[in-house]
Amino acid sequence: LCMPKGLSFRTQSDSRDPQFHSFIITREDGSRTYGFVLTFYEEVTSKQICTAMQTLYQMHNAEHSVYASSSCSMDSLASSVEDGDATSLAKLQQYNSYDINRDTLYVSKCICLITPLPFMQPCKKFLTQLYKAVTSPQPPPLPLESYIHNILYEVPLPPPGRSLKFYGVYEPIVCQRPGPNELPLSDYPLRETFELLGLENLVQLFTCVLLEMQILLYSQDYQRLMTVAEGITSLLFPFQWQHVYVPILPASLLHFLDAPVPYLMGLQSKEGTDRTKLELPQEVCWFYLIHVHII
């Protein structure tokens, strides 16, 4: 769930901006645990891994030399080898090969916080500050272990109806917990749910949820999947979604889509993949998450 599609590789030619997403774990008793992840890239220093990557590229280019043009990022190497997607294979050829003497190889890493409540904004701020401290040429005011120990063992959950202020690496962070007679905690931006779906699609999705149908959300961005899933379940209040709830479905669990029960799941799309080729039960309600301008 921290890396639903496994390790990702980049070179100096690719974008390596940190990416934030969240996920949820639903246990058998219905209780939920939330995870918040900041994924970033670090240079690969192992010569063995760099050599293996170069060999893999050479084998790939030799096997698929028919696709001699177009482009792709490092991530598409794994996806194209796995699913044989022609579009991904064609895009790969922009880089032709990985040259161990010319290119710098980077691999994905992540830092993650697990919480019993969906404090998305405070966790995102803390992870961002922690990442900044790791990558900054200037050391933070205290050792990194001090900040990690503080948030794990010294920062309590705020009591119901109260706010809590704690200190991150550089700036203070505030989180607020609703009281017993207030609306449930919802730290995901509901406006973004409307922007991604549009009004008509949102009404259709809400109807499918009320009818307890099989629902699949589809997006290239993990956080969009989580935002829409949490947004639509928040709109259900005072009702609750009691069925299978997996806003981010890892690639290894794709067979879960064949489950003969109502579910609300999210699946990440791959760049250039034709989503019509995805084999799904006919009764699944499909929602492709893109930005819709609302006037």
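Structural data are supplied above this passage.
Owing to the predicted nature of the structure, the values given are computational and were not obtained by experimental measurement.

Chemist: Any chance you could break down helix α8 (residues 222-235) for me, citing the residues and the numbers?
Modeler: The first and last C-alpha atoms of α8 sit 20 Å apart over 14 residues, in line with the 20 Å expected at 1.5 Å per residue. Taken together, the buried positions of α8 are occupied by Tyr222, Gln223, Leu225, Met226, Thr227, Val228, Ala229, Glu230, Gly231, Ile232 and Thr233. Where α8 begins, one side-chain oxygen reaches toward the backbone nitrogen of Gln223, 2.8 Å away; that side chain belongs to Asp221.

Chemist: For a nonpolar patch on the surface, give the residues involved together with the corresponding values.
Modeler: A cluster of nonpolar side chains, Ile148, Leu152 and Tyr153, forms an exposed patch at the surface whose accessible area comes to about 340 Å². Within the secondary structure, Leu152 sits in helix α5 (residues 144-154). In this structure Leu152 comes out as exposed when scored by relative accessible area, which is 52%.

Chemist: Help me get a handle on the environment of Tyr98, residues and values and all.
Modeler: Note on placement: Tyr98 falls in the loop between α3 (86-92) and β4 (105-115). Through-space distance from the C-alpha of Tyr98 to that of Gln54 is 5.2 Å; in sequence the pair is 44 residues apart.

Chemist: Quick one: what's the story with the environment of Ser146, residue by residue and with numbers?
Modeler: For Ser146, the position within the fold is in helix α5. Judged by relative accessible area, which is 31%, Ser146 ranks as partly exposed. Residues Ser146 and Val169, spaced 23 residues apart in sequence, show a C-alpha to C-alpha distance of 9.4 Å.

Chemist: An account of the nonpolar core is needed here, citing residue identities and associated values.
Modeler: By size, the foremost hydrophobic cluster in this structure holds 49 residues, and its most contacted members are Phe36, Phe126, Leu205, Ile215, Leu217 and Phe287. The leading source of residues in this core is helix α4 (residues 120-135), at seven residues. With residues near it in sequence (within four places) discarded, Phe287 still touches Leu197, Asn201, Gln204, Leu205, Cys208, Ile215, Leu216, Leu217 and Tyr218. One finds Tyr218, Leu257, Tyr263 and Met265 within the second-largest nonpolar core, a separate group that totals nine residues.

Chemist: Explain unusual backbone geometry to me, and be specific about the residues and the numbers.
Modeler: Going from Phe237 to Pro238, the amide bond is cis rather than trans, its omega being 15 degrees. Structurally, the position occupied by Pro238 is in the loop between α8 and β8 (244-246). The backbone of Glu212 shows a phi angle near 55 degrees, a positive value even though the residue is not glycine. With respect to the helices and strands, the residue Glu212 is situated in the loop between α7 (199-210) and β7 (214-219).

Chemist: Describe the packing of aromatic side chains, listing the residues and the values that go with them.
Modeler: The geometry of an aromatic ring pair is captured by two quantities: the separation of the ring centres and the angle between the planes. Enumeration according to the criterion identifies two aromatic pairs in this entry. Here the aromatic rings of Phe20 and Phe36 are separated by 6.5 Å at their centres, their planes lie at 5 degrees, and the arrangement is stacked. Remark: Phe36 occurs in strand β3 (residues 32-43) and Phe20 occurs in strand β2 (residues 19-26); sequence separation between them is 16 residues. Phe36 carries the same exposure label as Phe20, and that label is buried. Arranged with centres 5.2 Å apart and planes meeting at 50 degrees, the rings of Phe40 and Tyr131 form a pair that is tilted. Of this pair, Phe40 sits in strand β3 while Tyr131 sits in helix α4; the two residues are 91 residues apart in sequence, bridging distant segments of the chain. According to the relative accessible area criterion, Phe40 is buried, its value standing at 7%. Taking the relative accessible area as the measure of exposure, Tyr131 reaches 18% and is therefore buried. One cation-aromatic arrangement involves Arg16 over Tyr106; the distance from NZ or CZ to the ring centre is 4.0 Å. Taking the ring centre of Tyr170 as reference, the NZ or CZ of Lys132 above it sits at 5.0 Å.

Chemist: An account of the sheet that holds β8 is requested, with residue identities and associated values reported.
Modeler: The four strands are arranged β8-β9-β7-β10 in an open sheet whose pairing can be described as parallel. The open sheet has two edge strands with one neighbour each: β8 and β10 (285-288). For this sheet, the mean inter-axis angle between neighbouring strands, taken without regard to orientation, is 20 degrees. Examined bridge by bridge, β8 and strand β9 (residues 263-268) share three bridges and lie parallel to one another. Following the sheet pairing, Val244 is matched in β9 by Tyr263.

Parameters and conventions
- Residues numbered from 1 in each chain as written.
- Predicted model: local features only at pLDDT ≥ 70, side-chain atom pairs only at ≥ 80, totals over all residues.
- Heavy atoms only, no water.
- Helix = DSSP H or I, 4+ residues; strand = E, 2+ residues; numbered from the N terminus.
- Expected span 1.5 Å × (residues − 1).
- Buried < 20%, exposed > 50% of the residue type's maximum accessible area, 1.4 Å probe, protein only.
- Polar contact = N/O pair within 3.5 Å; in protein donor to acceptor, adjacent residues only side chain to side chain.
- Patch = residues over 30% accessible without salt bridge, like charges linked within 9 Å, V, L, I, M, F, W, Y side chains within 5 Å.
- Areas by Shrake-Rupley, 256 points an atom, 1.4 Å probe, with all protein chains shown as cover.
- Salt bridge = Lys/Arg side-chain N within 4 Å of Asp/Glu carboxyl O.
- Core = buried A, V, L, I, M, F, W, Y, C linked by side-chain atoms within 4.5 Å.
- Contact = heavy atoms within 4.5 Å.
- Phe/Tyr/Trp six-rings, centres within 6.5 Å; stacked < 30°, edge-to-face > 60°.
- Lys NZ or Arg CZ within 6 Å of the ring centre and 35° of its normal.
- Pairing = 2+ DSSP bridges.
- Axes fitted to C-alpha atoms, helices over the stretch in contact; angles between N-to-C directions.

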